[in-house]
Amino acid sequence: MIQTESTAAKPSLRQWLRHPAWAPLNDPAAWQRLTTAINPLWTLGEVRARVIRNVIETQDTRSLWLKPNRHFRGFRPGQHLMLELEIAGVRHARCFSLSAAPRPDGLLRLTIKAREGGRVSMAAHQLEPGQIVRISQASGEFAAKSSPARLLLISAGSGITPMLAILDGLAAVSAHTDVHLVHGARTPSDWIGADELKLRAAQLPGLKIHFHGSDVLGRWRPQDLSTLVPDWSERDALLCGPDAFMQAVETHYATAGLSERLLSESFGRRAAPLDPSASRHAVTHGKPEQMFTANSGQSLLEAAEAAGLQPRFGCRRGICMSCQCRKHSGTVKNLLTGQLSSPGEELIQLCISTPQSAVELAL
Ligand SMILES: Cc1cc2nc3c(=O)[nH]c(=O)nc-3n(C[C@H](O)[C@H](O)[C@H](O)COP(=O)(O)OP(=O)(O)OC[C@H]3O[C@@H](n4cnc5c(N)ncnc54)[C@H](O)[C@@H]3O)c2cc1C
Ligand code: FES
């Protein structure tokens, strides 16, 4: 039978849309490339932000004011997010606390101390207004109760950043909260947010600030709390600062049987000293000669770094998944939960996994 024009099989709309010519339209990555070429903040779900201001706070600390795109879902004072920067063609992500409470103009503030040799902190200081950065949604449980009657904030160095946001948030909701801030820095000029806090004290009649300059007064001792804040043991307390400082305060609370009163936020704990009696395990990655050893108790990330490798990482606390890697074989223990993995193939996070047997990784 001869097919006339009207009886010839016409492609359905669906077949027509599947034609290779339209392939880019069915590819979300292609759409993302197209939209971000028009405006780098127009993404299909990815959270990005434009740098609005880069403000000098102290000689080694700057605040970045960011305008996030519409995919950012907001945050509570005390929470943090991941900032991802491309450095020499490689993406590196690090956690930063939001240092101002949510604002009507939607701007976010990150206050970043430059660490010596620090990849992301140093690069963040170089960001200029107009540049676009990737950020994550905010997360974290570090926060004051919704309407605390009495609060104690204990911080040192850059550990002030979540406290600035918490005090900013309190000023917006309950001006009369009875809150003591005990903060330490080397000198008054190293005190991040000093001017802002002085203004805050004028806004919040219940705020008392105790500054400790360690260059003149020596290291602050948690035992001094009872002089500064006589009812310290009856207050909910939030703690953030360098490792040794936090450990001293945590020990003080534990000795007083008050650990449950204290909520801590760590910016990254130093690796615990290696236990010489711990068993050592071989970790292979790639060829058989590519091998290092790791103690049980030591994270695979620390062991790999000690062996001169540079695996990707972000938070070093099991939050961000930057260090996720495939384990081909071997058993690892989760340092946070104590849970043992299966001996077979699976994805693990190097920063919170410690070997319990020989392990083979795809680093
Ligand atoms: C929940 C959370 C919130 C954080 N909030 C803030 C914040 O508000 N402001 C801020 O400045 N930082 C904050 N940090 C720390 C931040 O994530 C990075 O660790 C820090 O900026 C260093 O990253 P880097 O890439 O510059 O250094 P890297 O290249 O990772 O390291 C370079 C050197 O710096 C040292 N180093 C890395 N991190 C620290 C640290 N925390 N303290 C001392 N030495 C370190 C390393 O040992 C190394 O020698 C936070 C971390 C976490 C986990
Ligand atoms: S570095 Fe963030 S999960 Fe390991």
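Thresholds, definitions, all that
- Residues numbered from 1 in each chain as written.
- Chains lettered and ligands numbered in written order.
- Predicted model: local features only at pLDDT ≥ 70, side-chain atom pairs only at ≥ 80, totals over all residues.
- Helix = DSSP H or I, 4+ residues; strand = E, 2+ residues; numbered from the N terminus.
- Buried ≥ 20, exposed ≤ 12 C-beta atoms within 10 Å, placed from the backbone.
- Contact = placed C-beta atoms within 7 Å.
- Core = buried A, V, L, I, M, F, W, Y, C linked by C-beta atoms within 7 Å.
- Pairing = 2+ DSSP bridges.
- Axes fitted to C-alpha atoms, helices over the stretch in contact; angles between N-to-C directions.
- Expected span 1.5 Å × (residues − 1).
- Arc of directions from axis to C-beta.
- pLDDT = per-residue confidence, 0-100.

### A word on the overall build of the protein chain
No. 1: Secondary structure assignment for the protein chain yields nine helices and 18 strands.
No. 2: Counting all 363 residues of the protein chain, 33% fall into the buried class.
No. 3: Expressed as a percentage of contacts within the protein chain between residues at least 6 apart in sequence, the contacts between residues at least 24 apart total 65%.

### Side note on the nonpolar core
No. 1: Residues Leu83 and Leu153 are the most contacted members of the largest nonpolar core, which totals 58 residues.
No. 2: In contact with Leu83, other than residues within four places in its own chain, are Ala93, Arg94, Phe96, Leu110, Val120, Ala124, Val133 and Ile135.
No. 3: Ranked by size, the runner-up nonpolar core spans 14 residues in total, among them Ala294, Leu300, Ala304 and Cys351.

### Observations concerning the sheet that holds strand E12 (residues 280-285)
No. 1: Reading across the sheet, the five strands line up as E13-E12-E18-E14-E16 and stay open at both edges, with mixed pairing between neighbours. Looking along the sheet, the strands with just one partner apiece sit at the ends: strand E13 (291-295) and strand E16 (346-349). Going across the sheet, the axis of each strand differs from the next one's by a mean of 40°, ignoring polarity.
No. 2: Across five bridges, E12 lies against E13 in antiparallel orientation. In the strand pairing of E13, Arg280 is matched with Asn295.

### A short note on helix H8 (residues 243-255)
No. 1: The end-to-end C-alpha distance of H8 is 18 Å, a good match for the 18 Å that 13 residues give at a rise of 1.5 Å each.
No. 2: Restricting attention to buried positions, one finds in H8 the residues Phe245, Met246, Val249, His252 and Tyr253. The arc that holds the buried residues of H8, viewed along the axis, is 125°, so those residues lie on one side. In H8, the exposed positions that point more than 90 degrees away from the buried face belong to Asp243, Ala244, Thr251, Ala254 and Thr255.
No. 3: Two residues or fewer after H8 comes Gly257, characterised by a positive phi angle close to 70°.

### Some thoughts on the confidence of the model for the protein chain
No. 1: Averaged over every residue, the pLDDT of the protein chain is 90; the share at 70 or more is 94%.
No. 2: Scored below 50 in pLDDT, residues 1-6 shows one contact in the model against residues more than four places distant or in partner chains.

### Some thoughts on the sheet that holds strand E7 (residues 150-156)
Picture the strands of a sheet paired through backbone hydrogen bonds; they go either parallel or antiparallel.
No. 1: Within the open sheet, the five strands sit side by side as E9-E8-E7-E10-E11. Their pairing is parallel. The open sheet has two free edges, formed respectively by strand E9 (207-213) and strand E11 (262-265), since each of these has just one partner strand. Each strand axis lies, on average, 15° off the axis of its neighbour in the sheet, ignoring direction.
No. 2: With five bridges connecting them, E7 and strand E10 (residues 236-240) associate as parallel partners. Across the sheet, Ser155 pairs through a bridge with Cys240, a residue of E10.
No. 3: Packing against the sheet, helix H4 (residues 160-173) makes contact with E7, strand E8 (178-185), E9, E10 and E11, and its axis sits at approximately 150° to E7.

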